[in-house]
Amino acid sequence: MEDTKIPTENQACVMQAIGQLGIESRQLPPEPGPYDVVVAPKKTGLCGSDMHIFLDGRAGESVFDKPLILGHEAAGIVAKGKLHFTLQVGDRVAMEPGICCLRCEFCKGGSYGQCGDFKFAAADGFDGTLQGFFTIPADFCYLLPENVSLEEGALVEPLSVAVMAVQSVAKMPHNANVAVFGAGPVGLLTMAVAKALGARRILAVDVQPKRLEFAQNYAATEVHQAIAKEPGEDSMTYAKRHAKVIMEKFGFGERGEGIDLVIECSGAEVCVQTGIWLVKRRGTCVQVGAGPANNLIPMSIFVNKEVRLIGSLRYGPGCYALAIDLVRQGRIDLKPLLTHRFPFTDAKLAFKTTQDGIGPDGKMAIKTIIDGPLA
């Protein structure tokens, strides 16, 4: 049975310093505005950006400078609100954990992720979902179908990242050949979305054989473990050589039967470089992984092949709705990714499991879920 009780207190898991967590009591949230709701988060998944902030004090452009509640992959129970939309108190919802101004050119144009006043959970000092209550615009809450659990609802957030990359940004054509660099949670979900939306061949590239084995059983049609660098070999030379190895191994060319779409989910500079060499002429490379602030790319081949290189940030209009429907229809199964679960009071162990990539049970950790505070 799922816990659908609404807490009476607001317990929060707070990052107090780099690498340090503590449980604190916070004030109950104020009455929500006319278009907002208060949600009691019941399941929160840990993400790579949570770990970057927790371990390094930085994730992308977001820098830790004061105590912060982490977590943004979340689903919960509607606890309070004027409910002008289709929501009712007690509804199970997936949360799109950001707040935008709704007035700027980007919001009006549907690209609200580029809003200059955008506030995202657990970033830039804006508290996240590892607490008893989270206030959010009602239209950023999505009802979960009866056959979708709250745990799966939490994974709708990274699934929507994959939907954004494959469907909204790349506009992947049916029957495309797709290569995905990085077989972590977002990479795996990217493969699953590509498969659900009609990709013909899906190649997973990673350095870890266990992750590749999981990927092949989950959504990839083919897998490739990255080759090692030669002694003294620079990244650019390696990227060109590695791409050639992949193309020869799987029968891909620069024209005809080639990789139509590369989606880079690792953030590693050398994977960005390899992807540009690998993709077919006039193909598309989508950058999802947030790696170093600056990357070198093979500009001459990028221009010569007329590669389309585009970034993909989080998600946008329609991504959550499509993600939920893919799960509802059974086109994507999120359950195999849910490898480890922890109560709220064991949040530290959940972070360690995600950091180590292996749980106390000795099994590989794909996605770690933390329960909300008990009622």
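Everything below is about the structure shown above.
The model shown is predicted, which means the values in this text are computed figures rather than measured ones. (Residues numbered from 1 in each chain as written. Predicted model: local features only at pLDDT ≥ 70, side-chain atom pairs only at ≥ 80, totals over all residues. Heavy atoms only, no water.)

A. Examining the overall build of the chain more closely. Each helix and strand in the chain was counted, giving 11 helices and 20 strands. Its C-alpha radius of gyration of 21 Å places the chain within 12% of the 21 Å reference for a compact globule of 375 residues. A total of 375 residues make up the chain; the buried ones form 53% of that total. Taking as baseline every contact in the chain between residues at least 6 positions apart, the subset at least 24 positions apart corresponds to 69%. Between the mean site of the 38 positive side-chain charges and the mean site of the 41 negative ones, the chain shows a separation of 4 Å. (Helix = DSSP H or I, 4+ residues; strand = E, 2+ residues; numbered from the N terminus. Rg over C-alpha atoms; globule rule 2.2 N^0.38 Å. Buried < 20%, exposed > 50% of the residue type's maximum accessible area, 1.4 Å probe, protein only. Contact = heavy atoms within 4.5 Å. Lys, Arg positive; Asp, Glu negative; His and termini not counted. Charge placed at Lys NZ, Arg CZ, Asp CG, Glu CD.)

B. Focus on the sheet that holds strand β2 (residues 20–26). Taken in spatial order, the three strands line up as β2-β1-β6 in an open sheet, and their pairing is antiparallel. Either end of the sheet is taken by a strand with one partner, and the two such strands are β2 and β6 (68–69). Bridging between strand β1 (residues 10–17) and β6 involves two bridges; their strand directions are antiparallel. In the sheet register, Met 15 faces β6, and the bridge partner there is Leu 68. (Pairing = 2+ DSSP bridges.)

C. Representation of the environment of Ala 194 within the structure. Turning to its location among the elements, Ala 194 is positioned in helix α5 (residues 185–196). A relative accessible area of 0% places Ala 194 in the buried class. On a C-alpha basis, the gap between Ala 194 and Ala 220 in space is 9.3 Å, while along the polypeptide they are 26 residues apart. Those residues in contact with Ala 194 that lie beyond four places of it in its chain are Val 166, Met 172, Val 178, Ala 199 and Ile 202.

D. Representation of the sheet that holds strand β15 (residues 222–225) within the structure. On the basis of which strands lie adjacent, the open sheet formed by six strands has the order β15-β14-β13-β16-β17-β18 and parallel pairing. Edge positions in the open sheet fall to β15 and β18 (308–311), since each of these has one partner strand only. Recorded for the sheet is a direction-independent mean angle of 20 degrees between the axes of neighbouring strands. Across five bridges, the pairing between strand β13 (residues 177–181) and strand β14 (residues 201–206) is parallel. Bridged to Phe 181 within β14 is Val 205. On top of the sheet, helix α4 (residues 156–169) reaches β16 (259–264), β17 (279–287) and β18; it is set at about 140 degrees to β18, its chief contact. Set on the sheet, helix α7 (residues 235–250) makes contact with β14 and β15; between it and β15 the angle comes to about 145 degrees. (Axes fitted to C-alpha atoms, helices over the stretch in contact; angles between N-to-C directions.)

E. Expanded view of the packing of aromatic side chains. All chains considered together, the criterion is met by eight aromatic pairs. Judged by centre distance (4.8 Å) and plane angle (55 degrees), the rings of Phe 54 and Phe 351 are tilted. A residue pair is termed long-range when its members are at least 10 positions apart, and Phe 54 in helix α1 (residues 48–56) and Phe 351 in helix α11 (residues 347–356) qualify at 297 residues. Phe 351 shares its class with Phe 54; the two are buried. On the numbers, 5.3 Å between centres and 80 degrees between planes, the contact of Tyr 315 with Tyr 320 is edge-to-face. A single burial state applies to Tyr 315 and to Tyr 320, both of which are buried. (Phe/Tyr/Trp six-rings, centres within 6.5 Å; stacked < 30°, edge-to-face > 60°.)

F. Here's a closer look at helix α6 (residues 209–218). Every buried residue of α6 is accounted for by Arg 211, Leu 212, Phe 214, Ala 215 and Tyr 218. Each buried residue of α6 sits inside an arc of 160 degrees when the element is viewed along its axis, so together they form one side. Opposite the buried face of α6, by more than 90 degrees, sit the exposed residues Lys 210, Glu 213 and Asn 217. Close packing links the buried residues of α6 with α5, β14 and β15. (Arc of directions from axis to C-beta.)

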